[in-house]
Amino acid sequence: REKSYEYRSQNSNDAMLAQLYALDGVDAAFVYGHDYTNYPSGTDADGIPLHYIWVIVEGGANSDIGTVIYANVGGAGTVGAVSVDVPTSSGQVYVSKFDRVESSDLHIKFQIQPTVAGFIFDDASIKTYISENLKYNAYEYAETSKVTAMALEAINANGGGGVPVNVEISSNGSTWVDYLTVATKKNKFTVTTTNITI
């Protein structure tokens, strides 16, 4: 809702972001400008050159996204792996560039401490519940308190009788920690049942 207030702005990252969210099928969008304050003479920590912006989008049609970028770029350059040719009113072609959100595997493991003697847990259903409901945004970190809360919710949704303990997470399934960040701002953690160990 706050992002939509900027919709009427022109040639700004805020206007671009609002218009991207208004496109059919767009689930998430991010617009990053070059960090001139900390990198006044070259490419910043995200790899954005001077006078460029980096747009990252999840969902939506490439052509629609490219058109929104062109309408709001205001003379700045764009970076990204996806290129869209946008015809201009002058008969030229502007190349809009952006990136798509990319998934990064998040591995989870935990034990279930029974609170009801003799209760039999449906591990497969618990894993499915977690994989369907534990969601992350692009560039969102992962930590075990969120995973623990979701694991408890999954257990309760499948009959209860226990609590998750010794919860750990991993990016590779071998090195286990309680806090992780993704590689870049275009990555987001995703969880599949095969990456959950109970």
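Residues numbered from 1 in each chain as written. Predicted model: local features only at pLDDT ≥ 70, side-chain atom pairs only at ≥ 80, totals over all residues. Heavy atoms only, no water.

1. Concerning the packing of helix α3 (residues 123-133) against helix α4 (residues 144-157)
For clarity, the threshold we go by: Interaxial angle, 0 to 180 degrees, is taken between N-to-C directions of lines fitted to C-alpha atoms, where a helix line uses only the stretch in contact. The helix count covers DSSP runs of H or I at least four residues long, the strand count covers runs of E at least two residues long, and both are numbered beginning at the N terminus. With respect to orientation, any angle under 35 degrees is reported as roughly parallel, any angle over 145 as roughly antiparallel, any angle of 65 to 115 as roughly perpendicular, and every other angle as oblique. It is the rotation of the near helix from the far one that decides the hand of a crossing: anticlockwise by less than a right angle makes it left-handed, clockwise makes it right-handed. Any two residues whose heavy atoms approach within 4.5 Å at even a single point are treated as in contact.
Between α3 and α4, whose axes approach to 9 Å, the crossing angle comes to 130°. Relative to α4, α3 is oriented oblique. Our pair here, α3 against α4, has a crossing hand that is right-handed. In this structure, α3 uses Ile126, Tyr129, Ile130 and Asn133 to contact α4, whose residues at the interface are Met150, Ala151, Glu153, Ala154, Ile155 and Ala157.

2. Focus: the sheet that holds strand β12 (residues 196-197)
Rules: When DSSP locates at least two bridges between a pair of strands, those strands are taken to pair.
Pairing within the open sheet is mixed, and its 3 strands lie in the order β9-β7-β12. Here the strands that pair on one side only, and so sit at the sheet edges, are β9 (162-170) and β12. Sitting on the sheet, α4 is in contact with β7 (107-114) and β9, with an inclination near 140° to β9.

3. Description of the environment of Asn72
Basically, it comes down to this: Polar contacts, as counted here, are pairs of nitrogen or oxygen atoms within 3.5 Å of one another; within protein the pair requires one atom able to donate a hydrogen and one able to accept it, and residues that are adjacent in sequence qualify only if both atoms are side-chain atoms.
Within the fold, Asn72 resides in helix α2 (residues 62-72). In sequence terms Asn72 and Ile155 are 83 residues apart; their C-alpha atoms lie 47 Å from each other. Separated by 3.0 Å, the side chains of Asn72 and Gln19 make a polar contact.

4. Here we look at unusual backbone geometry
Worth spelling out the cut-off: For every residue, the accessible area (1.4 Å probe, protein chains only) is compared with the maximum for its type, and the residue is labelled buried under 20%, exposed over 50%, or partly exposed between those bounds.
Positive phi, close to 65°, is recorded for His51, a residue that is not glycine. You can see His51 is positioned in the loop between β1 (26-33) and β2 (52-59). Take His51: its relative accessible area is 64%, and that puts it in the exposed class. Of note in the backbone geometry, Tyr139 takes a positive phi value of approximately 70° without being a glycine. By the element assignment, Tyr139 lies in the loop between α3 and β8 (142-143).

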